[in-house]
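What the coordinates show
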Amino acid sequence: MNDKTRLVQLRHPAEGRKIAVVQEPFLVLVNEFTSIYQLVTKSLESGISVHALLEHQLSTFKIEYDQVYNGLSEWKLLPSFDNPDIPSNCIVSGTGLTHHSSAMNRNVMHQSEAGNSLTDSMKVYQWGVEGGKPADGQVGIQPEWFYKGTGSILKAHGEALEVPDFGDDGGEEPEIAGVYLVDSNGQPVRIGFTTGNEFSDHVMEKKNYLYLAPSKLRTCSIGPELVLTDDFSDLNGVVTVSRHEEVLWTSDIKTGEINMAHSLSNLEYHHFKYPDHRQPLQAHVHFYGTGAFSFGAGIKLQTGDKMKVHWEGMGRALINPIEVAENTIELIQVKSGV
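For every chain, the first residue of the written sequence is number 1, and numbering continues from 1 along that sequence. In keeping with the predicted nature of the model, local features appear solely for residues at pLDDT of at least 70, side-chain atom pairs appear and are counted solely at 80 or more, and the whole-chain, interface and lining totals rest on all residues. The basis for every side-chain value is the complete set of non-hydrogen atoms in the structure, without hydrogens or water.

On to the overall build of the protein chain. By definition, any uninterrupted DSSP run of H or I lasting at least four residues is a helix, any uninterrupted run of E lasting at least two residues is a strand, and each is numbered from the N terminus. From N to C terminus, the protein chain includes eight helices and 17 strands. Computed over its C-alpha atoms, the radius of gyration of the protein chain comes to 20 Å, within 12% of the 20 Å expected for a compact globule of 338 residues. Considered along the principal axes of its C-alpha atoms, the protein chain spans approximately 65 × 55 × 50 Å. When a residue's accessible area, from a 1.4 Å probe over protein chains only, is under 20% of the maximum for its type it is buried; when over 50% it is exposed; and in between it is partly exposed. For the protein chain, with 338 residues in total, the buried portion stands at 53%. Here the contacts in the protein chain between residues at least 6 apart in sequence split such that 74% fall between residues at least 24 apart. Surface accessibility in these figures is a Shrake-Rupley result with a 1.4 Å probe; residues are shielded only by whichever protein chains are displayed. By element, 51% of the accessible surface of the protein chain is carried by carbon and sulfur atoms, the whole surface being about 15,600 Å². With 27 positive and 43 negative side-chain charges, the protein chain shows a separation of 1 Å between the mean positions of the two kinds. When we talk radius of gyration, it's over C-alpha atoms, and the globule rule is simply 2.2 Å times the number of residues to the 0.38. Only heavy atoms matter for contacts: two residues are in contact if any of them lie within 4.5 Å across the pair. The sign given to each residue is positive for Lys and Arg and negative for Asp and Glu; His and the chain ends receive no count. Charge positions are represented by NZ for Lys, CZ for Arg, CG for Asp and CD for Glu.

Lines fitted to C-alpha atoms define the axes here, with helix axes fitted over just the stretch in contact, and angles between the N-to-C directions of these axes take values from 0 to 180 degrees. Viewed as axis vectors pointing N to C, helix 1 (residues 36-46) and helix 2 (residues 50-57) meet at an angle of 115°, and their least axial separation amounts to 9 Å. With respect to the hand of their crossing, helix 1 and helix 2 are arranged in right-handed fashion. Residues Leu39, Val40, Lys42 and Ser43 of helix 1 touch helix 2, and the partners they reach there are Val50, Leu53 and Leu54. When the residues that make up the contact of helix 1 with helix 2 are grouped by side-chain class, the tally is five nonpolar, one polar and one charged. Handedness of a crossing is defined here by the sense of rotation of the near helix relative to the far one, left-handed for an anticlockwise turn of less than a right angle and right-handed for a clockwise turn. Residues were grouped as follows: Ala, Val, Leu, Ile, Met, Phe, Trp, Tyr, Cys and Pro as nonpolar; Asp, Glu, Lys and Arg as charged; and all remaining residues, including Gly, as polar.

Moving on: the pairing of strand 1 (residues 5-12). The element strand 1 is extensively covered by neighbouring structure, given that six of its eight residues are classed as buried. DSSP-based pairing: two strands are paired if at least 2 bridges between them are found. Direction of pairing for strand 1 relative to strand 12 (residues 220-228): antiparallel, over a ladder of three bridges. Across the sheet, the residue bridging to Thr5 is Leu228, located in strand 12. Relative to strand 2 (residues 16-23), strand 1 runs antiparallel, the two sharing six bridges. The partner of Leu10 across the bridge, within strand 2, is Lys18. Hairpin connection of strand 1 to strand 2: three residues between the antiparallel strands. Across two bridges, the pairing between strand 1 and strand 5 (residues 76-77) is antiparallel.

Bringing the sheet that holds strand 16 (residues 306-311) into the picture now. In space, the five strands of this open sheet follow the order 9-17-16-13-14, with mixed pairing throughout. Both edges of this open sheet fall to strand 9 (161-163) and strand 14 (246-255), since each of them pairs with a single strand only. Adjacent strand axes in the sheet meet at a mean angle of 20°, parallel and antiparallel pairs treated alike. Bridge count for strand 13 (residues 235-243) against strand 14 is nine bridges, and the pairing is antiparallel. Along strand 14, the bridge assignment pairs Val239 with Ser251.

What follows covers the pattern of salt bridges. Here, a salt bridge means any Lys or Arg side-chain nitrogen found within 4 Å of an Asp or Glu carboxyl oxygen. Summed over all chains, the structure comprises 16 salt bridges. Asp120 is the partner of Lys123 in a salt bridge, and the nearest nitrogen-oxygen pair spans 4.0 Å. One end of the pair, Lys123, and the other, Asp120, are both in helix 5 (residues 120-131), three residues apart, so they sit about a helical turn from each other. Residue classification places Lys123 among the partly exposed residues on the basis of a relative accessible area of 36%. For Asp120, a relative accessible area of 48% translates into the label partly exposed. In this structure, the salt-bridge partner of Asp169 is Lys300, at a minimum N-O distance of 3.5 Å. Pair noted here: Asp169 is in the loop between strand 9 and strand 10 (174-182) and Lys300 is in the loop between strand 15 (283-287) and strand 16, with a separation of 131 residues, a long-range link. Classification of Asp169 as buried rests on a relative accessible area of 6%. By sharing partners, the salt bridges in this structure join Arg6, Glu24, Asp66, Glu225 and Arg316 into a single network.

For the rest of this paragraph, the subject is the domain arrangement of the protein chain. The accessible area lost on association of the parts is a frequent measure of interface size. Residue ranges for the domains originate in an automatic or database domain assignment. Annotation of the protein chain at the domain level lists domain 1 (5-77) and domain 2 (87-324). Of note, the centres of domain 1 and domain 2, computed from C-alpha atoms alone, are 26 Å apart. Contact residues are listed per partner, giving 18 residues for domain 1 and 18 residues for domain 2. Summed over both partners, the interface of domain 1 with domain 2 buries about 1,600 Å², with 62% contributed by carbon and sulfur atoms. The buried area of a pairing is the accessible area, by a 1.4 Å probe, that goes missing from both parts when the two are put together, added over both. The largest contributions to the domain 1 side of the interface with domain 2 come from Tyr37, Leu44 and Tyr69, which together make up 36% of the buried area. Where domain 1 packs against domain 2, one counts three salt bridges. For Glu24, the salt bridge goes to Arg316, with nearest N and O atoms at 2.8 Å. Polar contacts, as counted here, are pairs of nitrogen or oxygen atoms within 3.5 Å of one another; within protein the pair requires one atom able to donate a hydrogen and one able to accept it, and residues that are adjacent in sequence qualify only if both atoms are side-chain atoms. Counting every contact that joins domain 1 to domain 2 gives nine residue pairs in polar contact (both at pLDDT 80 or more).

Printed below as a string of structure tokens:
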């Protein structure tokens, strides 16, 4: 194993769940562990590193990665991280306004509300520029923070991201997400990083900035790989939206600390400062923000459109189709329990 070991989670109808190490062009199955959550929990309990456990449990069984990646195998990719036993014990969240381009896009969305004055989006971004990278041992400015849901909203490479019947729109947000597990003593531990499509309802958000919170309550995707590394300095990538196999929109993207208004440690502090985010054996998937999305270019996605996010050094690209639900809202009624 090396400092950029790549892992996937997958499922077989007969074999059940497995994890595997990426050794191109193969996936090499790992014995004993059926999830990365289980692997890391064992590492924290035993004091044995994740890399050492993987080396000890690495099997000789290989699967052709292309077949799995392209959906041509009985083995199906799962999200690159989850809590399979208790999905509700995995918090999915994120920080926005960490990249200049996203702040500018948000600024355009809400400019009419602020007139000629600086929008709240640009104010928060500028605060980050001025105070998001504090000196060691110091607390920096608080970033924007949002909640997306529990682990049940996580989708895998190849799975559809849905615009629900109560939604106004859906659009890709190409990001990197940090993956964390809190140990039995309440200490957050970063496992690694994964490609993510944070997927949000920008039309709903544009109506009014106070609709940002519900606009984030959507499915999202991570994967196909989780990369075991501490390197989050400078990442380059490409995001593409295609329709009927034709490129509809594409953009180069950048992330990592040198491209962001906040340091990673500052983002992590402001997420884990809350005691409720440090519950023993709690899992976290936290998105770090984006620098580009097609909504800012006036693109409206349709059912069947494919969103592709690829970051150099983060394994294979994450591809998801979009699925727009029919506008047949089902009223959810609450029954009295008394």
